[in-house]
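Working through the structure, step by step
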Amino acid sequence: MTALLSVTGATKRFRGLLAVDSVLLDVQPGEIFAVIGPNGAGKTTLFNMIAGIYRPDAGEISFAGSRIDGLSPDQVCRRGIGRTFQIVRPFPALTVEENVMAGAFLHRKERSAALQRAHEVLWQLDLFEKRDQLASSLTLPDRKRLEVARALATDPKLLLLDEVMAGLRPTETDRMVEIFRKLNRETGLTILLIEHVMRAVMALAQRVLVLHHGAVIAQGVPADVVRDPAVIHSYLGAEAAV
Amino acid sequence: MPAEIYLNVAVGGILTGLVYGLMALGLSVIFGVVRVVNFAHGEMMTIAMYLAILAFSALKLDPLVMMVPIAAVLFALGYAMQAALINPFINRPEHSQFILLVAVAIIMVNVLLIIFGPDARNVMTSYSFDSFQVGPLIVDATKVYAGAAAIAVAAVLFAFFRFTYVGQAIRACADNYTGALVVGLNVKQLYALTFGIGAACVGAAGAMIVLIVDVTPALGPAYTLLAFIIVITGGLGSMPGALLGGILIGLTEAMAGLLFSPSAKSMFAFGLLVIVLLFRPQGIMGKRVA
Amino acid sequence: MIAALFEGVLRHGLALLVVLFAALLAAPYIVNSYLLAILIIILYYAYVGQAWNIMMGFAGQLSLGHALYVGLGAYTAAALFVKFGLSPWIGMLAAIPVAMTAGAIIGFLAFRFRVGGVYFAILTIAFAEFARVGFDHFTWVGGSSGFFLPVANYTTSDLWTLRGRPVMFYYLILTMVVIAFVLCRILLRSRIGTFWLAIREDEEAARAIGIDTFRYKMYAVVLSAGMTSLAGVFFAFYYNNLFPEQVFNIARSIELILAPIIGGIGTLFGPILGAFLLTGLSETMHAILQGLGVDVPGAKQVFYGLCLLFVVMALPDGVWPWVARKLGLGGRKP
């Protein structure tokens, strides 16, 4: 099976500082893949290269068989990659439904078709009841799910999640995990998540990649990765010490 | 045309530009700290100009002498505007702030119109027709005095921001709003002070410029635009940039007036603005803000 | 198609709309010529306000130089009429692309070079000022001494050449307002309108859901410019004289954005309500002052300024969202 997303030797420097150093990763269709690592490991930079915010200094990023590095964020999305923001940014003065409509219109010309898709997604994310509320009036967990809904409405083949669990309480995290599992199981959605919350990573990810100082130090199934001495030393060890 | 004319006009333009620069400095200081674009800037300038005219016609007080009291009056006006009107708008969207200040500007222009009428006024001092001659160069005395006064005021302002406690506190506010709150600075009061200081620059500049130009109420919007052009050219928020931008615009306008027609000079100033906006949007001396 | 147009409109809202429209249709038979002239001014501001609102209220791009498009439309149609005897209807077909091209140039420069916010607003002023000075020296259309259309005291109206009595102009501008209103409603509920709102709210987030923000911002500027130019054509044929100093003045640009701001930016009724309030109030005050025997130039503008100050402080979202809530029409903002 060919990978849906493959990052080959992606490298990014900021003023000489190596933020991401020749990272190699493949995300298979239908998979939930997590990138973890301590703060400053280069996770967000890697994410931004995939999402089209940064152009890699070296290396290639391919999606569904064609190069996407150097494309703009909107082009990347139109190729089939949806994303969320670490600090949520729904459209505040629009209603929940309008927020999701904006995404649904991407591949639909007719209002009725877009509305139908928006409602579908709102059900999936458990937001249908709140569809007429203004986005600015939602609680943080609701806003996070709204962002996911908006991204999903663009019919992505791959969903990029940027620390979507950050700031959520454990029960809310479990609810999010359940939603993503269900989406993955029922629609075959591929998910690449960048995550700090280990509880979510262990529950969701089928494969994990660990970044440290911009480089890959381990990769594999979550249970193996957390036992890897290098990982424990650089990341989990440091975390445990705190 | 003999070559000296170019030189004379250029020097005159630079001196006028210094006064423009002082006016724009006020706008730049306000934006740099309060992050609000003062759309009533030129209107405040015309208020200062009329104050100078009043003082001169009623009491025969020289505008250069009146510079300090007029700056003080404008300081009070600016302080009150920030404290009463603008502070509640600090976290509002840009267009709301814009509308607020446009409303203030409209009121100012038309109150002046009601009081003074639409006709142009000026001052005729004893030195209005004097000039200095250095070699082939002949410069109006009024422009020399105004330019020198503008430099003096700007120097005082630079010293204030560098060496006084309040000046440093204001700069701290500009760099880091939250940080300033955390260390216990009264940000709103500092904002009002800043707006007052910006307005005082306008006051001083207005008092000086009546030596060079005639004033009508309609000059307000024109000066607002001029101040924008200058600060954007020089770099919004940069104090040296405002002075440099003023000189550049003064020079451009003077040369355009000489080579083409005086009525076309604003077109060249705008041309300069468009070029700067497109190729160096942060201005000549500004830093790019993401 | 027609049914879709009314979808989502509340019944008493619709009733209100019908009553308003009927009143406007009947107005020339009821009011005197003075009131008719005022209604024409109100509808004129409602129309340009609607056109400006597409750019600012929908797509979030603050233009302070819309007088440019009014002026370009006015001069294009007037010149074609005076110099070549072409009907203003043909003039419109020329005015629209002229203004659209100007809008496209400004939009392209600003959006490609990432000139945004306050800088964008000032760039739009700069281009309007350019045009003002340029037309001052453009002697083919009269330069600074003005450009005039032939005037006579008309007893009949000729719609083809737009020479005639105020009633004709009234129905013309009313038609324009209705078309602009319907167009804006269709746009707002369509794909393009939804994308505009997304861009207005958060451009980066809009890009993240695949919206080509450059393209859609361009659409907004170009459409708004084209619509505004038609107001210019109307202006030229209604007033019959054009002076660059007046037409392109920044004061015109500011005047024409007051109605939608006071009425409510981004709303459909805002520009219309705002135009009624603003012109209505200022004319009332004018009448009162005249009755008192006071004739002070500038008093009207001071009043404008105070109104604006009051609205922006007391009703920051404009009057319409507030009225809509009071009428139970579901104001959008909390």
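The rules behind these values
- Residues numbered from 1 in each chain as written.
- Chains lettered and ligands numbered in written order.
- Predicted model: local features only at pLDDT ≥ 70, side-chain atom pairs only at ≥ 80, totals over all residues.
- Heavy atoms only, no water.
- Helix = DSSP H or I, 4+ residues; strand = E, 2+ residues; numbered from the N terminus.
- Rg over C-alpha atoms; globule rule 2.2 N^0.38 Å.
- Buried < 20%, exposed > 50% of the residue type's maximum accessible area, 1.4 Å probe, protein only.
- Areas by Shrake-Rupley, 256 points an atom, 1.4 Å probe, with all protein chains shown as cover.
- Contact = heavy atoms within 4.5 Å.
- Buried area = accessible area lost by both parts, 1.4 Å probe.
- Salt bridge = Lys/Arg side-chain N within 4 Å of Asp/Glu carboxyl O.
- Polar contact = N/O pair within 3.5 Å; in protein donor to acceptor, adjacent residues only side chain to side chain.
- Nonpolar A, V, L, I, M, F, W, Y, C, P; charged D, E, K, R; others polar.
- Pairing = 2+ DSSP bridges.
- Axes fitted to C-alpha atoms, helices over the stretch in contact; angles between N-to-C directions.
- Parallel < 35°, antiparallel > 145°, perpendicular 65-115°, else oblique.
- Core = buried A, V, L, I, M, F, W, Y, C linked by side-chain atoms within 4.5 Å.
- Domains from an automatic or database assignment.
- Left-handed = near helix turned anticlockwise from the far one by under 90°.
- pLDDT = per-residue confidence, 0-100.
- Patch = residues over 30% accessible without salt bridge, like charges linked within 9 Å, V, L, I, M, F, W, Y side chains within 5 Å.

**Topic: the overall build of chain C**
Helix and strand counts for chain C come out as 15 helices and two strands. A globule of 334 residues ought to have a C-alpha radius of gyration of about 20 Å, and chain C, at 20 Å, matches this closely. Considered along the principal axes of its C-alpha atoms, chain C spans approximately 55 × 45 × 45 Å. The buried share among the 334 residues of chain C stands at 57%. For chain C, the exposed area adds up to about 13,600 Å²; of that, 69% sits on carbon and sulfur atoms.

**Quick look at the overall build of chain B**
A count of helices and strands for chain B gives 11 helices and two strands. Along chain B, from the amino end to the carboxyl end, the secondary structure elements read α-α-α-α-β-β-α-α-α-α-α-α-α. Radius of gyration (C-alpha) of chain B: 19 Å, near the 19 Å computed for a compact globule of 290 residues. Each principal axis of the C-alpha atoms in chain B carries an extent, and together these give about 60 × 45 × 35 Å.

**Concerning the interface of chain B and chain C**
Residue-level contacts link 39 residues of chain B with 39 residues of chain C. Here chain B packs against chain C, burying approximately 3,400 Å² in sum over the two surfaces, 85% of which is carbon and sulfur. Across the chain B-chain C interface, the total number found is zero salt bridges. Joining chain B to chain C, the criterion identifies one residue pair in polar contact (both at pLDDT 80 or more). Tallied by class, residues from the side of chain B that touches chain C come to 29 nonpolar, seven polar and three charged.

**Points about the sheet that holds strand β7 (residues 158-162) of chain A**
Residue and element names in this part refer to chain A. With respect to topology, six strands assemble into an open sheet ordered β6-β7-β8-β3-β9-β10, the strand pairing being mixed. What marks the edges here is a single partner per strand, and that holds for β6 (81-83) and β10 (215-220). Averaged over neighbouring strand pairs, the angle between their axes works out to 20° when direction is ignored. Across five bridges, β7 lies against strand β8 (residues 190-194) in parallel orientation. When the bridges of β8 are listed, Leu 160 appears paired with Leu 192.

**Focus on the pairing of strand β1 (residues 5-14) of chain A**
All names here are of chain A. β1 sits mainly inside the fold: seven of its 10 residues count as buried. Note that β1 and strand β4 (residues 58-63) share five bridges and pair antiparallel. Of the residues in β4, the one forming a bridge with Leu 5 is Phe 63. As paired strands, β1 and strand β2 (residues 17-27) are joined by eight bridges and run antiparallel to one another. Bridged to Ser 6 within β2 is Asp 26. The turn linking β1 back onto β2 is made up of two residues, and Arg 15 within it adopts a positive phi angle of 45°.

**Here we look at the pattern of salt bridges**
On inspection of all chains with the given rule, the structure shows 25 salt bridges over all chains. In this structure, Glu 204 of chain C engages Arg 89 of chain A in a salt bridge whose closest nitrogen and oxygen atoms are separated by 3.1 Å. One end of the pair, Glu 204 of chain C, is in helix α9 (residues 203-208); the other, Arg 89 of chain A, is in the loop between β6 and α3 (96-104), on a second chain. With relative accessibility at 33%, the residue Glu 204 of chain C sits in the partly exposed group. Given a relative accessible area of 25%, Arg 89 of chain A falls into the partly exposed group. Where Asp 142 of chain A meets Lys 130 of chain A, a salt bridge forms, and the shortest distance between an N and an O atom there is 2.7 Å. Within this pair, whereas Asp 142 of chain A is found in helix α5 (residues 140-152), its partner Lys 130 of chain A is found in the loop between α4 (111-124) and α5, the two being separated by 12 residues in sequence. Using a relative accessible area of 6% as the deciding quantity, one classes Asp 142 of chain A as buried. Taken together, the shared-partner salt bridges in this structure form one network comprising Arg 108, Arg 117, Glu 120 and Asp 155 of chain A.

**What about the interface of chain A and chain C?**
Counting residues at the interface gives 24 residues for chain A, matched by 22 residues for chain C. Taken over both partners, the interface formed by chain A and chain C buries close to 2,200 Å², and the fraction arising from carbon and sulfur atoms is 59%. Of all residues in chain A, the largest losses of buried area upon contact with chain C belong to Phe 91, Phe 105 and Arg 111 of chain A, amounting jointly to 24% of the total for that side. Across the contact surface, chain A and chain C share two salt bridges. Counting every contact that joins chain A to chain C gives nine residue pairs in polar contact (both at pLDDT 80 or more). When residues of the side of chain A that touches chain C are traced back to their parent elements, those giving at least two are α2 (73-79) and α3 of chain A. Of the residues contributing to the side of chain A that touches chain C, the split by class is 13 nonpolar, two polar and nine charged.

**Quick look at the packing of helix α12 (residues 250-263) of chain C against helix α13 (residues 270-291) of chain C**
Each pair of packed helices gets described by two things: the angle between the helix axes and the distance between those axes. All names here are of chain C. In the contact formed by α12 and α13, the axes pass within 7 Å of each other and the chain directions differ by 110°. As judged from the angle between their axes, α12 and α13 are roughly perpendicular. Residues Leu 258, Ala 259, Pro 260, Ile 262 and Gly 263 of α12 lie in contact with α13, whose contacting residues are Gly 270, Pro 271, Gly 274, Ala 275, Leu 277 and Leu 278.

**Observations regarding the sheet that holds β1 of chain A**
All names here are of chain A. Spatially, β2-β1-β4-β5 is the arrangement adopted by the four strands of the open sheet, whose pairing is antiparallel. The open sheet has two free edges, formed respectively by β2 and β5 (66-67), since each of these has just one partner strand. In the sheet, β4 pairs with β5 via two bridges, with the strands oriented antiparallel. The partner of Phe 63 across the bridge, within β5, is Ser 66. Along the sheet face, helix α1 (residues 43-51) touches β1, β2 and β4 and points at about 120° away from the line of β1.

**A short note on the nonpolar core**
Nonpolar side chains tend to gather and get buried jointly when the protein is soluble and globular. Counting 279 residues, the largest nonpolar core has Phe 180 of chain A, Met 208 of chain B together with Tyr 47 and Leu 68 of chain C as its most contacted members. Here this core gets 17 residues from one element, more than from any other, and that element is helix α3 (residues 33-58) of chain C. Of the domains in this structure, domain 1 (1-80 + 159-167 + 189-242) and domain 2 (86-155) of chain A are the two that each give at least three residues to this core. When neighbours within four sequence positions are excluded, Phe 180 of chain A is seen to be in contact with Val 148, Leu 159, Leu 161, Val 164, Met 165, Ile 191 and Leu 204 of chain A. Among the nonpolar cores identified, the runner-up in size contains 28 residues, and Val 27, Ala 51, Ile 81 and Leu 211 of chain A belong to it.

**Regarding the packing of helix α2 (residues 11-30) of chain C against helix α7 (residues 166-189) of chain C**
Residues and elements named next belong to chain C. Axis separation between α2 and α7 bottoms out at 9 Å; the angle between their running directions is 165°. Classified by the interaxial angle, the pair formed by α2 and α7 is roughly antiparallel. In this structure, α2 meets α7 at a crossing whose hand is left-handed. Every residue of α7 that contacts α2 at Leu 17, Phe 21, Leu 24, Leu 25, Ala 27, Pro 28 and Tyr 29 is listed here: Val 167, Tyr 170, Tyr 171, Leu 174, Val 178 and Phe 181.

**Some words on the confidence of the model for chain B**
On average, residues of chain B score 87 in pLDDT, and 98% of them are at 70 or above. Between the elements of chain B, mean pLDDT differs from a low of 75, seen in helix α7 (residues 177-182) of chain B, to a high of 94, seen in helix α2 (residues 41-59) of chain B.

**Let's talk about the environment of Ser 96 of chain B**
Secondary-structure assignment places Ser 96 of chain B in helix α4 (residues 94-116). Ignoring anything within four residues of it in the chain, the contact list for Ser 96 of chain B reads Phe 89 of chain B together with Val 312 of chain C.

**Description of a nonpolar patch on the surface**
On the surface, Phe 84, Leu 86, Trp 89, Ile 90, Phe 138, Trp 140, Leu 159 and Trp 160 of chain C cluster together into a nonpolar patch covering about 790 Å² of accessible area. Its location among the elements puts Trp 140 of chain C in the loop between α6 (117-136) and β1 (147-148).

**Focus on unusual backbone geometry**
Positive phi is not limited to glycine here, since Arg 15 of chain A has a value of about 45°. Unlike most non-glycine residues, Asn 240 of chain C shows phi in positive territory, near 65°. Its place among the elements puts Asn 240 of chain C in the loop between α10 (213-239) and β2 (241-242).

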